[in-house]
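# Secondary and tertiary structure notes
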Amino acid sequence: MNNPMKCLSQREWGLWIGSLIIVAISNMVSGDIDLLTLIAALVGVTSLIFAAKGNVWSPILMIVFCILYGMISLRFRYWGEMITYLGMSLPMAIWSTITWAKNPSKANGNEVAIQKLERKHVIALVFFSTIVTIFFYFVLRALNTPNILFSTASVTTSFLAASLTMLRTSYYALGYAANDLILIILWVFASIENSAYIPVAVNFLIFFFNDIYGFVSWRKREIKQS
């Protein structure tokens, strides 16, 4: 639980500050700054930078992001996003905080120990993600959720990403990157109806690039730890 800012490299400082600037500008250019969207984006970007370092502050900030994003989703009636982030991603982020804190790397106590994905993990992920997908599809259909196919896909990718984060595997970042792409599509659809949501789509585009960096970073550290 040391100061995570001290662990950032010059490249990561540049990526973090650059992401914050782009997010801030995209919110200002829209002409109608939504404070909730802006704060959620800034928290989300910061969480991803710490995630790339395997720092326990990442899931802590993800808890805050889940709450804020759930509120944003509620306003556009994206019930799948709201239910997923508040009912699934939030408790999983809390659990990730606990598992990351309990499993520091032996080489660097500020980083979480990376776990290799085993066959039993893959089988469990496929089984439970299938159940979650089917269950939420019918829930979202009952709630008249807009863009239900993409909303359902978002639930699936969110579940996989959160699960992989708890498992402390490098592939968590690919799970979130896939989720980012789905969310970009969802919020582009929302922006067509209300341009105020354009910054949300831009935010997830920035998240996507940060998640790709996170995957590369974890793979490098995984080689070192092994």
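Residues numbered from 1 in each chain as written. Predicted model: local features only at pLDDT ≥ 70, side-chain atom pairs only at ≥ 80, totals over all residues. Heavy atoms only, no water.

Attention now moves to the overall build of the protein. In terms of regular secondary structure, the protein is built from eight helices and zero strands. The order of helices and strands in the protein, counted from the N terminus, is α-α-α-α-α-α-α-α. By the compact-globule yardstick of 17 Å for 226 residues, the protein fits well, its C-alpha radius of gyration being 17 Å. Counting only C-alpha atoms and orienting by the principal axes, one finds that the protein spans roughly 50 × 40 × 25 Å. When burial is assessed residue by residue, the protein has 51% of its 226 residues classed as buried. Across the protein, the fraction of contacts at a sequence separation of at least 24, relative to all contacts at a separation of at least 6, is 73%. (Helix = DSSP H or I, 4+ residues; strand = E, 2+ residues; numbered from the N terminus. Rg over C-alpha atoms; globule rule 2.2 N^0.38 Å. Buried < 20%, exposed > 50% of the residue type's maximum accessible area, 1.4 Å probe, protein only. Contact = heavy atoms within 4.5 Å.)

Attention shifts here to the nonpolar core. For soluble globular proteins, nonpolar side chains are generally found buried alongside one another. Val45, Phe65, Tyr69, Leu183, Trp187 and Phe204 are the most contacted members of the largest nonpolar core, which has 37 residues in total. Among the elements that take part in this core, helix 2 (residues 35-52) stands out by supplying nine residues, more than any other. Ranked by size, the runner-up nonpolar core spans 21 residues in total, among them Trp100, Ile114, Leu140 and Phe159. (Core = buried A, V, L, I, M, F, W, Y, C linked by side-chain atoms within 4.5 Å.)

Let's shift gears to a nonpolar patch on the surface. Taken together, the side chains of Trp13, Ile17, Ile21, Ile25, Met28, Val29 and Ile33 present a nonpolar region at the surface, about 660 Å² in accessible area. Mapped onto the fold, Met28 is located in helix 1 (residues 10-29). (Patch = residues over 30% accessible without salt bridge, like charges linked within 9 Å, V, L, I, M, F, W, Y side chains within 5 Å. Areas by Shrake-Rupley, 256 points an atom, 1.4 Å probe, with all protein chains shown as cover. Salt bridge = Lys/Arg side-chain N within 4 Å of Asp/Glu carboxyl O.)

It is worth spelling out helix 2 at this point. Given a rise of 1.5 Å per residue, 18 residues ought to cover 26 Å, and the 26 Å separating the end C-alpha atoms of helix 2 matches this to within 8%. By the criterion of burial, helix 2 is predominantly enclosed, with 15 of the 18 residues buried. Downstream of helix 2 by a residue or two, Gly54 has a phi angle that is positive, lying close to 70 degrees. (Expected span 1.5 Å × (residues − 1).)

With that out of the way, let us pick up the pattern of salt bridges. For the structure on display, the rule yields four salt bridges. Notably, a salt bridge pairs Glu12 with Lys53, separated by 3.3 Å at the nearest N-O pair. With Glu12 in helix 1 and Lys53 in the loop between helix 2 and helix 3 (57-75), this residue pair connects regions lying 41 residues apart in the sequence. As a salt-bridge pair, Glu222 and Arg219 come within 3.1 Å of each other at their nearest N and O atoms. Within this pair, Glu222 and its partner Arg219 are both found in helix 8 (residues 198-225), separated by three residues, close to a single helical turn. Residue class for Glu222 comes out buried when judged on its relative accessible area of 14%. Under the relative-accessibility criterion, Arg219 is labelled partly exposed at 33%.

Now for the environment of Gly80. Here Gly80 shows up in helix 4 (residues 79-102). Sequence separation of Gly80 and Thr152 is 72 residues, and the distance between their C-alpha atoms is 7.0 Å. Those residues within four positions of Gly80 in sequence are excluded, and the remaining contacts are Leu140, Thr145 and Val155.

Right, let's talk about unusual backbone geometry for a bit. Backbone geometry at Asn144 places phi at a positive 60 degrees, although glycine is not the residue there. Along the polypeptide, Asn144 turns up in the loop between helix 5 (119-142) and helix 6 (148-166). With a phi close to 60 degrees, Arg168 is a non-glycine residue in the positive phi region. Residue classification places Arg168 among the buried positions, given a relative accessible area of 12%.

A few words on the side chain of Ser47. Of note, Ser47 is situated in helix 2. Aside from chain neighbours lying at most four places away, what touches Ser47 is Ser58, Leu61 and Met62.

Quick look at the environment of Glu222 now. The spacing of Glu222 and Ser158 is 64 residues in sequence and 23 Å in space, taken between C-alpha atoms. In this structure, Glu222 is in contact with Ile114, Lys116 and Ser170, ignoring residues within four places of it in sequence. Of the polar contacts made by the side chain of Glu222, one reaches the side chain of Arg219; its length is 3.1 Å. (Polar contact = N/O pair within 3.5 Å; in protein donor to acceptor, adjacent residues only side chain to side chain.)

Another point: the packing of aromatic side chains. Here the structure, examined in full by the defined rule, presents 17 aromatic pairs. Arranged with centres 5.6 Å apart and planes meeting at 45 degrees, the rings of Trp100 and Trp218 form a pair that is tilted. With Trp100 in helix 4 and Trp218 in helix 8, the pair connects residues that are 118 residues apart, well separated along the chain. Between the aromatic rings of Phe127 and Phe128, the centroid separation amounts to 5.1 Å while the plane-to-plane angle is 80 degrees, which identifies the pairing as edge-to-face. The class for Phe128 is partly exposed, based on a relative accessible area of 45%. An aromatic cluster is built from Phe65, Tyr69, Tyr85, Trp187, Phe204 and Phe207, whose rings are joined through pairwise contacts. (Phe/Tyr/Trp six-rings, centres within 6.5 Å; stacked < 30°, edge-to-face > 60°.)

By themselves, these figures tell us nothing about what the structure is for.
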